[in-house]
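Summary of the model geometry
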Amino acid sequence: MSATVGIPRALLYYYYYPQWKTFFDHLGVKTVVSRETTRAILEKGIKSTVDEACLPIKLAVGHVLDLKDRVDYIFLPRIVSTARREYICPKFLGFPDMVRNNINNLPPLIDNNMDLYRKGSSLYNLFYMVGRYFTHNPASIYKAYKASMESLHVHCRDMEAGRLPFETGGKDNQNYRTRDGGVHDVTIAVIGHPYNIYDRYISMNMIKRLWDYGADVLTADQLTETAFRREAGKLPKQLFWTLNQRMVGAAFYYFERPDVDGLIHVASFGCGPDSMTGELIERYARRSSRKPLLNLTIDEHTGEAGMITRLEAFMDMVRWRRHLDDVAATL
Ligand code: SF4
């Protein structure tokens, strides 16, 4: 019987899941994804994490707990860097240790390093080490790695084309949801970490709500790497957190794009990088744009009613601003 590897539906799952799944599939290893986020999963994560941790980390611990008695291994790569000369938030780096020290009776963790900081480093280093858990045949590992890279490229192209990595009932092969083709009269850019904006429970279904309010939604993931880096390059100093660079670059880009009517910045309570990103985006909005900006900070106590009220008020403001602009254009 083949081994089963659990993949938490958290953190960079939203970017890398298609690649990880393809890799394990090619090695004949079964993967199990933790269930979609619920209050119970979040509560379990909160109980097993230090208070100081940010919400996404608490939630990720909850997803590990959801998997722990159902799989032979849990895949928790230690993500150090996803781009050359840049780092990812240090909480990713320490996450496997946090899990190991806070949860008893865990299956073995596969926590090899993903580190692309140095010139010449490659994702293959990670996949080779991971593949060795299941086979000693380097050719099989290499073949699985090549197939996984192809999946990653397809996933990136799909997102750039507007497909959002939403979940659709946990069916492994349907982890996308196409941007709503319905009628919309405004376009809103939602800028936030993928694990905040694409998790339907944590975001309180924000993207779906915006669609229902008649908005088309864009996220940072519709931008190519070249585009968001060019925009983030407007800052006097380069940000060295990759995800925040993506968010800031996307915000700057969408502020300038004529068909975008407003921006929502979604931050996690307790996230240092997000507080800086929020400040940079807000300053840019004040200085260079007339577009409405809504800053939302979410934590485990955020109530749905408050969020809905703020979203509705924001949509009213966006439409009112659009109306004023249309009137001004006719004068
Ligand atoms: S970037 Fe912020 S939200 Fe993400 S893991 Fe780090 S502290 Fe948490």
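Everything numeric here is computed off the predicted structure, so don't read it as measured data. (Residues numbered from 1 in each chain as written. Predicted model: local features only at pLDDT ≥ 70, side-chain atom pairs only at ≥ 80, totals over all residues. Heavy atoms only, no water.)

Let's talk about the sheet that holds strand β5 (residues 109–110)
Quick note on the threshold: Two strands pair if DSSP finds at least two bridges between them. Think of it this way: any DSSP run of H or I at least four residues long counts as a helix, any run of E at least two long counts as a strand, and we number them from the N terminus. The contact rule is simple, with two residues in contact once any of their heavy atoms fall within 4.5 Å. Each axis is a line fitted through C-alpha atoms, and for a helix only the stretch in contact is used; angles between axes span 0 to 180 degrees, taken between their N-to-C directions.
One open sheet holds the four strands; their spatial order is β2-β1-β3-β5, and the pairing between them is parallel. Either end of the sheet is taken by a strand with one partner, and the two such strands are β2 (30–33) and β5. Examined bridge by bridge, strand β1 (residues 4–7) and β2 share four bridges and lie parallel to one another. The residue bridging V5 from the neighbouring strand is T31, located in β2. On top of the sheet, helix α1 (residues 13–26) reaches β1, β2 and β3 (73–75); it is set at about 170° to β1, its chief contact.

Focus on the domain arrangement of the protein
Selection rule: The domain limits used here are those given by an automatic or database domain assignment. Here the buried area means the combined drop in accessible surface, using a 1.4 Å probe, for two parts upon being joined, counting both sides. Between Lys or Arg on one side and Asp or Glu on the other, a salt bridge is scored when a side-chain nitrogen of the former is within 4 Å of a carboxyl oxygen of the latter. Pairing of N or O atoms within 3.5 Å defines a polar contact, subject to two protein rules: one partner must be a possible hydrogen donor and the other a possible acceptor, and residues neighboring in sequence count only if both atoms are side-chain atoms.
Looking at the assigned domains, one finds that the protein contains domain 1 (4–160) and domain 2 (179–330). Measuring from the centre of the C-alpha atoms in domain 1 to the corresponding centre in domain 2 gives 27 Å. Note on domain 1 versus domain 2: buried area summed over both sides is about 2,400 Å², and carbon and sulfur give 59% of it. Viewed at the interface, domain 2 and domain 1 are joined by three salt bridges. Two residues, E36 and R200, come together in a salt bridge whose shortest N-O distance is 3.1 Å. The interface formed by domain 1 and domain 2 holds eleven residue pairs in polar contact (both at pLDDT 80 or more) in total. Listing elements by their share of the side of domain 1 that touches domain 2, those giving two or more residues are α1, α2 (39–47), α3 (55–67), α4 (90–102) and α6 (138–160). Take the side of domain 1 that touches domain 2: its biggest share by element is five residues, from α3.

Some remarks on the site of the ligand
Under the convention used in this document: Whether a residue is near a molecule or strand is decided by its heavy atoms; if any one of them lies within 4 Å of it, the residue is near. Throughout, the ten residues Ala, Val, Leu, Ile, Met, Phe, Trp, Tyr, Cys and Pro are labelled nonpolar, Asp, Glu, Lys and Arg are labelled charged, and all others, Gly among them, are labelled polar.
All residues in the neighbourhood of the ligand are listed as C54, P56, C89, K91, F92, H193, Y195, S268 and C271. Classifying every residue of the shell around the ligand gives six nonpolar, two polar and one charged. If you count residues domain by domain, the shell around the ligand takes at least three from each of domain 1 (4–160) and domain 2 (179–330).

Focus: helix α12 (residues 304–330)
To be explicit about the condition: Each helix should span, by expectation, one fewer than its residue count multiplied by 1.5 Å. Each residue's exposure class comes from its accessible area (1.4 Å probe, protein chains only) as a fraction of the maximum for that residue type: buried when under 20%, exposed when over 50%, partly exposed otherwise.
A rise of 1.5 Å per residue sets the reference length of α12, with its 27 residues, at 39 Å; its end C-alpha atoms lie 39 Å apart and thus fit the reference within 8%. M307, L311, F314, M315 and V318 are the residues of α12 that are buried.

Examining the pattern of salt bridges
Per the stated rule, a full pass over the model turns up 26 salt bridges. One salt bridge in this structure joins R163 and D158, with 3.3 Å as the shortest N-O distance. Of the charged contacts, one joins R319 and D185 as a salt bridge, the two residues approaching to 2.8 Å between their closest N and O atoms. With R319 in helix α12 and D185 in the loop between β8 (177–178) and β9 (186–192), this pair connects stretches of sequence that are 134 residues apart. Assessed through its relative accessible area of 28%, R319 is described here as partly exposed. A relative accessible area of 41% means that D185 is categorised as partly exposed. Connected through shared salt-bridge partners, R78, D97, R100 and D111 make up one network.

Re the environment of H265
Inspection of the secondary structure assignment puts H265 in strand β11 (residues 262–268). Looking at H265, the relative accessible area reads 2%, which means it is buried. Once the C-alpha coordinates of H265 and H193 are considered, the two residues, 72 residues apart in sequence, prove to be 9.5 Å apart. Apart from residues lying up to four places away in sequence, H265 is in contact with I191, M247, D274, T277, G278, I281, L293, L294, N295 and L296.

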